Amino acid sequence: MAQSAVIIIQTGTPPAAIRQQYGDLPQWFSQAIGRPLSALQVVRVFEGEALPAPDPARLAVITGSWDMVTDRLPWSEATAEWIRQAMAAEMPLLGVCYGHQLMAHALGGEVGYLDCIRETGCLPVSLTPSAAADPLLENLPATFPVHLTHMQSVTRLPAGAEVLGRSAIDPHQIIRYGKYAVSTQFHPEFPVAAARAMIERNRTVFSQEGRDTDAILAQITETPEATGILQRFIEHHLPDGRAEGC
């Protein structure tokens, strides 16, 4: 059996009620990129599973999590070391939410809590002028909606990193790390139904924070531009269709 060209580095799992109804994160990524789950290698690093050696002939997507990068959990710090090795090997990497922050942390940046507690819902992200020349972002609208849910953010960029997208709250929504690595604070993989369910689940918390849950829910929509970035990443780095694995 040939090894999969796509590695999903899973850094967490949704609450049981969400997972039981809508599936786990690897299913969400599988659906978003249009590849069967059997064609992907899933490594549950948050449960201590070991990562394969970095390989520039493969690519990796680092998922979101319900943990915090600043807690520096042992599995997270081990994954950060793997990220450094993968970058040195010029292995294509895409970080999402926690993965976005972990990449920044691994490469010398800083991560911290947002002043506004959290950025959540379906909100607009605007591209920087540099995005027009980026192979994953060219021809996208200047502003488009994305799914967001995070309390921490990249507060200082690593040396050499370039910002390609920002939101009203977070100036580091899309970060490029050279030719092979990019990350997004937002979630290109979220199914709309799961996004709604996660917001509904936090209704009491949002009320305590003075947020209008119904208004947040009313904003939820499909995010094809964000999902397209994930799809383009796969296609750009595996142009011969190797994401199908065996």
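Just so you know, the residues in each chain are numbered from 1, in the order the chain's sequence is written. In keeping with the predicted nature of the model, local features appear solely for residues at pLDDT of at least 70, side-chain atom pairs appear and are counted solely at 80 or more, and the whole-chain, interface and lining totals rest on all residues. The basis for the side-chain values is all heavy atoms of the structure; hydrogens and waters are excluded.

**Things to note about the packing of aromatic side chains**
Phase 1 of the analysis: Two rings from Phe, Tyr or Trp (for Trp, the six-membered ring) form a pair when their centres are within 6.5 Å of each other. A pair whose planes differ by under 30 degrees is stacked, one over 60 is edge-to-face, and the rest are tilted. This structure, assessed with the given rule, holds 3 aromatic pairs.
Phase 2 of the analysis: Ring geometry for Phe 144 versus Phe 186: centroids 6.5 Å apart, planes at 85°, classification edge-to-face. Highlighted residues: Phe 144 in strand β7 (residues 143-150) and Phe 186 in the loop between β11 (181-184) and α5 (192-201), separated in sequence by 42 residues. Each of the two residues, Phe 144 as well as Phe 186, counts as buried. Helix and strand assignments follow DSSP, with helices taken as H or I runs no shorter than four residues and strands as E runs no shorter than two, numbered in order from the N terminus. Buried, partly exposed and exposed residues are distinguished by accessible area as a fraction of the type maximum, computed with a 1.4 Å probe on protein chains only: under 20%, between the cut-offs, and over 50%, respectively.

**So, the UniProt feature "domain: Glutamine amidotransferase" (unreviewed entry) in the protein**
Phase 1 of the analysis: The positions that UniProt labels "domain: Glutamine amidotransferase" (unreviewed entry) are, in the present scheme, residues 76-196.
Phase 2 of the analysis: Along residues 76-196 the backbone is 22% helical and 36% strand, and the end-to-end C-alpha distance reaches 28 Å. UniProt positions are given in the numbering used here, feature names are shortened, and annotations may be inferred rather than shown by experiment.

**Details of the sheet that holds strand β6 (residues 119-127)**
Phase 1 of the analysis: A strand pair is defined by DSSP finding two or more bridges across the two strands. The mixed open sheet is built from 9 strands, whose spatial order is β2-β1-β3-β4-β11-β10-β9-β6-β7. The sheet is open, and its two edges are formed by β2 (40-44) and β7, each paired on a single side. When the angles between neighbouring strand axes are averaged without regard to direction, this sheet yields 25°.
Phase 2 of the analysis: For strand β3 (residues 59-62) and strand β4 (residues 93-96), the ladder comprises 3 bridges, and the chain directions are parallel. From the neighbouring strand, Ala 60 faces β4, where its bridge partner is Leu 93.
Phase 3 of the analysis: Residues are treated as being in contact if the distance between any of their heavy atoms lies within 4.5 Å. Each axis is a line fitted through C-alpha atoms, and for a helix only the stretch in contact is used; angles between axes span 0 to 180 degrees, taken between their N-to-C directions. Contacts from helix α3 (residues 74-88) reach β1 (6-10), β3, β4, β10 (174-177) and β11 within the one sheet, and its direction differs from that of β4 by about 145°.

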